[in-house]
Every structure is written in structure tokens, then in C-alpha cells.
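Read off the chains here:
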Amino acid sequence: MNIQWYPGHMTKARRMMQEDIKLIDIVVELLDARTPLSSKNPDIDELAKNKYRLVLLNKQDLADPKANAQWEKYFKEKGFYVVCLDSRKNSGMKTITDTIQEACREKIERDRKRGIINRPIRAMVVGIPNVGKSTFINSYAKKACAKVGNKPGVTKGKQWIRIGKGVELLDTPGILWPKFEDQEVGMRLAYIGSINDDIIQKSELALNFIDFLKNNYCNALSERYNIDCSKKNYDILSDIAMERKCLSKGGEPDLDKAAALLFEDYRSGKLGRITLELPSI
């Protein structure tokens with residue numbers, strides 16, 4: 001499969017972020033804990049150079065717990081401050097402000113020596129589409145500040161949000177990068193819903209996903225759908241269609257419906273805690 005998605009508004013959003021970065025003390029980057037490296041926009045490192053950095057491994061409740069620990073260690077060794085969280089359930093949120101203050105300690109001390117006291121830390125919140133930025137901001141602010149949706153592209157513009165006395169957040173739209181050099185990256189982002197589903201051939205994508213599950217989380221398939229995962233990928237998708245009554249008018253298995261169901265189950269956690277990639281050692 002060849003997956004590419006970079007609509008025009010992302011170019012505009014990237015330019016806007018480049019203009020605003022000079023106002024910022026720290027860049028808070030949300031990654032999807034199920035696929036942290038693939039959900040990390042490589043353009044952000046260039047944009048955020050010379051800024052303090054905090055990585056939030058969001059949706060950690062949907063990812064393999066052992067993999068979460070490996071990824072937390074990986075990013076800390078790269079020099080990032082790291083917090084694992086589930087912003088939908090407020091899990092991990094209490095440590096965010098303290099971590100931001102710790103990351104910006106040198107800046108706060110410089111301000112203090114210049115007589116600038118209690119000036120809020122300004123943080124830019126960045127991430128790819130559908131990584132949970134708006135949900136994180138609303139949970140962190142303890143009020144509905146950002147529009148939330150379960151599909152990419154909900155946040156279109158920027159807005160400043162005050163968090164208590166110590167932090168100001170700049171919300172930004174989710175952006176990808178112009179070209180996925182590795183198509184495995186594109187497929188992983190499609191699995192988690194960060195690519196517009198309307199541009200994807202779902203049944204073909206599902207066959208690739210089933211192949212990954214067979215090799216890494218076979219029990220997730222057999223337990224959820226009561227099927228034999230030693231079968232070929234096409235037959236497994238057909239069995240899912242039959243098992244869940246995803247049928248065409250003639251009673252034949254509707255593979256696109258079955259694929260949509262499979263991804264809905266994965267994205268909602270009904271397949272279990274599944275991580276798509278591990279850090280290379």
C-alpha cells in the first residue's frame with residue numbers, strides 16, 4: 001500500500017507554528033503510546049530545537065504495558081522529559097505541571113535573577129492528527145477549552161489556554177509531514193486513525209494489520225472473534241465478517257465492513273493492549 005496524506009491546511013499550520021515558536025519556552029509533544037516513533041513528526045525536532053522538550057505518551061492504557069516502559073526509557077535516554085498518560089481518564093495528569101516546571105528550571109531561575117517572578121511558562125502543544133491533543137488540554141485545564149473529535153483534523157486554528165498561574169498552553173492543529181519515506185509508518189498511522197479513513201482501502205489495510213496481529217498478538221484475534229488465526233489473512237478477515245454479521249445483500253462476507261469493525265475494535269481497546277512497534281536496541 002502507498003499511504004500519503006498531507007492536506008493543504010497542514011502547510012498553513014506548520015507556517016503558523018514556525019512563527020509562534022519564538023513565543024514558547026517548552027514544546028509539549030503528544031505521541032500515541034501504541035506507536036511512538038511512527039507518531040513522532042520528524043519536523044517537530046527541527047521546529048523545537050533550542051527549546052525545552054516534554055514527550056507525553058498518550059493513550060498508554062491502549063498500549064502494551066511492557067512496551068510503555070521501554071518507550072519511556074528510550075525517550076528519556078534521548079534527553080526528553082517523559083510522562084505516560086491516559087488523558088481521557090485523567091491518568092498521569094497530576095505530574096504534568098511539575099514536569100514542565102522541572103524541564104524549565106533554568107529559565108525560571110534566570111527570570112528570578114532578573115526580577116521576573118511568577119511569569120507563566122509558555123508551552124506549545126503539538127502532535128499528529130487524532131493523537132489526543134484536545135482531550136489532553138481539556139483534561140489538563142479541567143474545562144472544555146478545545147474541540148474534541150475521534151477523527152483527524154478537528155483542531156483547525158491556534159488558541160492560548162491558561163492553566164492555573166504557572167502555565168499557558170498554545171494549542172495547535174495536528175500536522176503530519178509531507179511524505180512517509182517508510183510505508184510501515186503510514187500503515188501504523190492508518191491503524192490508529194491518524195490518516196483520513198476515507199482515502200484508505202480498508203480491507204487491504206486490514207489484511208496487513210491481521211498479519212501483524214498473527215505474528216505478535218494472535219490471542220487478541222482468536223479471543224475477540226473466536227477464529228483460528230493460523231489461517232491465511234484473507235480467510236481470517238472473511239471469518240470476522242461472518243462471525244460479526246458483516247454481510248452483503250447476498251449473504252457474502254463484506255470485507256470492508258469487517259475491516260472497519262476490526263479497526264474500531266483496535267482503536268477503542270476492545271482487542272486488548274496492543275503496541276505496534278518497539279524501540280530498536
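Refer to the structure presented above.
How each quantity is defined
- Residues numbered from 1 in each chain as written.
- Predicted model: local features only at pLDDT ≥ 70, side-chain atom pairs only at ≥ 80, totals over all residues.
- Heavy atoms only, no water.
- Helix = DSSP H or I, 4+ residues; strand = E, 2+ residues; numbered from the N terminus.
- Rg over C-alpha atoms; globule rule 2.2 N^0.38 Å.
- Buried < 20%, exposed > 50% of the residue type's maximum accessible area, 1.4 Å probe, protein only.
- Contact = heavy atoms within 4.5 Å.
- Areas by Shrake-Rupley, 256 points an atom, 1.4 Å probe, with all protein chains shown as cover.
- Lys, Arg positive; Asp, Glu negative; His and termini not counted.
- Charge placed at Lys NZ, Arg CZ, Asp CG, Glu CD.
- Phe/Tyr/Trp six-rings, centres within 6.5 Å; stacked < 30°, edge-to-face > 60°.
- Lys NZ or Arg CZ within 6 Å of the ring centre and 35° of its normal.
- Core = buried A, V, L, I, M, F, W, Y, C linked by side-chain atoms within 4.5 Å.
- Salt bridge = Lys/Arg side-chain N within 4 Å of Asp/Glu carboxyl O.
- Axes fitted to C-alpha atoms, helices over the stretch in contact; angles between N-to-C directions.
- Parallel < 35°, antiparallel > 145°, perpendicular 65-115°, else oblique.
- Left-handed = near helix turned anticlockwise from the far one by under 90°.
- Nonpolar A, V, L, I, M, F, W, Y, C, P; charged D, E, K, R; others polar.
- Disulfide = S-S within 2.5 Å.
- Expected span 1.5 Å × (residues − 1).
- Pairing = 2+ DSSP bridges.
- Right-handed = clockwise from strand over helix to strand, strands pointing away.

## Comments concerning the overall build of the protein chain
Phase 1 of the analysis: When helices and strands are counted, the protein chain shows eleven helices and six strands.
Phase 2 of the analysis: In terms of C-alpha radius of gyration, the protein chain reaches 20 Å, essentially the compact-globule figure of 19 Å for 281 residues.
Phase 3 of the analysis: Over its C-alpha atoms, taken along the principal directions, the protein chain stretches across nearly 75 × 40 × 35 Å.
Phase 4 of the analysis: For the protein chain, the proportion of its 281 residues judged to be buried stands at 52%.
Phase 5 of the analysis: Taking the contacts inside the protein chain whose residues are at least 6 apart along the sequence as the reference set, 68% of them involve residues at least 24 apart.
Phase 6 of the analysis: About 14,000 Å² of surface is accessible on the protein chain, with carbon and sulfur atoms providing 47% of the total.
Phase 7 of the analysis: One finds the centroid of the 48 positive side-chain charges in the protein chain at a distance of 7 Å from the centroid of its 38 negative side-chain charges.

## A short note on the side chain of Asp-265
Phase 1 of the analysis: For Asp-265, the location among the structural elements is in helix 11 (residues 255–268).
Phase 2 of the analysis: Setting aside residues up to four positions removed in sequence, Asp-265 forms contacts with Arg-224, Tyr-225, Arg-244, Lys-270 and Leu-271.

## Comments concerning the packing of aromatic side chains
Phase 1 of the analysis: Tallied over the full model, the rule gives eleven aromatic pairs.
Phase 2 of the analysis: Ring centres of Phe-75 and Phe-80 lie 5.9 Å apart, and the angle between their planes is 80°; this geometry places the pair in the edge-to-face category. Of the two residues, Phe-75 and Phe-80, neither departs from the other in class, the shared state being buried.
Phase 3 of the analysis: Through pairs of rings, three or more aromatic residues link up here, namely Trp-71, Tyr-74, Phe-75 and Phe-80.
Phase 4 of the analysis: One residue, Arg-34, lies across the ring of Tyr-266, its end atom 5.2 Å from the ring centre.

## Considerations on the nonpolar core
Phase 1 of the analysis: Counting residues in each nonpolar core, the largest one holds 79 residues, and the members touching the most others are Phe-136, Phe-209 and Leu-262.
Phase 2 of the analysis: In terms of residues, this core owes the most to one element, helix 11, which gives seven residues.
Phase 3 of the analysis: In this view, Phe-209 contacts Tyr-191, Leu-262, Phe-263, Tyr-266, Leu-271 and Leu-276; residues no more than four positions away in its chain are not counted.

## Topic: the pattern of salt bridges
Phase 1 of the analysis: By the definition in use, this model includes 22 salt bridges.
Phase 2 of the analysis: Of the charged contacts in the structure, one is a salt bridge between Glu-168 and Arg-162, with a shortest N-O distance of 3.5 Å.
Phase 3 of the analysis: Residue Arg-267 pairs with Asp-197 through a salt bridge whose shortest N-O separation is 3.0 Å. Of this pair, Arg-267 sits in helix 11 while Asp-197 sits in the loop between helix 7 (183–192) and helix 8 (202–216), and the two are 70 residues apart along the sequence.
Phase 4 of the analysis: Here Asp-197 falls in the partly exposed class, since its relative accessible area comes to 26%.
Phase 5 of the analysis: Each of Asp-25, Lys-107, Asp-111 and Arg-114 takes part in a single network of salt bridges with overlapping partners.

## A look at the packing of helix 8 against helix 11
Phase 1 of the analysis: For the pair helix 8 and helix 11, the least separation of the axes is 8 Å and the interaxial angle reads 50°. One finds that helix 8 runs oblique with respect to helix 11. As for the relative orientation of helix 8 and helix 11, their crossing is left-handed in sense. Residues Lys-202, Ser-203, Leu-205, Ala-206, Phe-209, Ile-210 and Leu-213 of helix 8 form the contact with helix 11, whose participating residues are Leu-255, Asp-256, Ala-259, Ala-260, Leu-262, Phe-263 and Tyr-266.
Phase 2 of the analysis: Taken together, the residues of the contact of helix 8 with helix 11 break down into eleven nonpolar, one polar and two charged.

## Observations regarding the state of the cysteines
Phase 1 of the analysis: Inspection of the entire model under this criterion finds one disulfide.
Phase 2 of the analysis: We note that Cys-104 lacks a disulfide partner, and the nearest cysteine sulfur, in Cys-84, lies 20 Å from it.
Phase 3 of the analysis: A relative accessible area of 0% means that Cys-104 is categorised as buried.
Phase 4 of the analysis: Summary of cysteine pairing: Cys-246 is not part of a disulfide, and the nearest cysteine sulfur, belonging to Cys-229, is at 19 Å.
Phase 5 of the analysis: Overall, the relative accessible area of 9% leaves Cys-246 in the buried class.

## Thoughts on helix 8
An α-helix turns once per 3.6 residues; consequently, residues spaced three or four apart project the same way.
Phase 1 of the analysis: A rise of 1.5 Å per residue sets the reference length of helix 8, with its 15 residues, at 21 Å; its end C-alpha atoms lie 21 Å apart and thus fit the reference within 8%.
Phase 2 of the analysis: Contact partners of the buried residues in helix 8: helix 7, helix 9 (218–225), helix 10 (233–243) and helix 11.

## Here we look at the pairing of strand 1 (residues 26–32)
Phase 1 of the analysis: Most of strand 1 sits out of view: seven of its seven residues are buried.
Phase 2 of the analysis: Here strand 1 shows two buried faces, one formed by Ile-26, Val-28, Leu-30 and Asp-32 and the other by Val-27, Glu-29 and Leu-31.
Phase 3 of the analysis: In terms of strand pairing, strand 1 meets strand 2 (residues 52–58) through seven bridges, oriented parallel. Bridged to Leu-31 within strand 2 is Leu-57.
Phase 4 of the analysis: With helix 2 (residues 42–47) bridging strand 1 and its parallel neighbour strand 2, the resulting β-α-β unit is right-handed.
Phase 5 of the analysis: Note: strand 1 against strand 4 (residues 121–126), four bridges, orientation parallel. Note on strand 4: the bridge partner recorded for Val-27 is Met-124.

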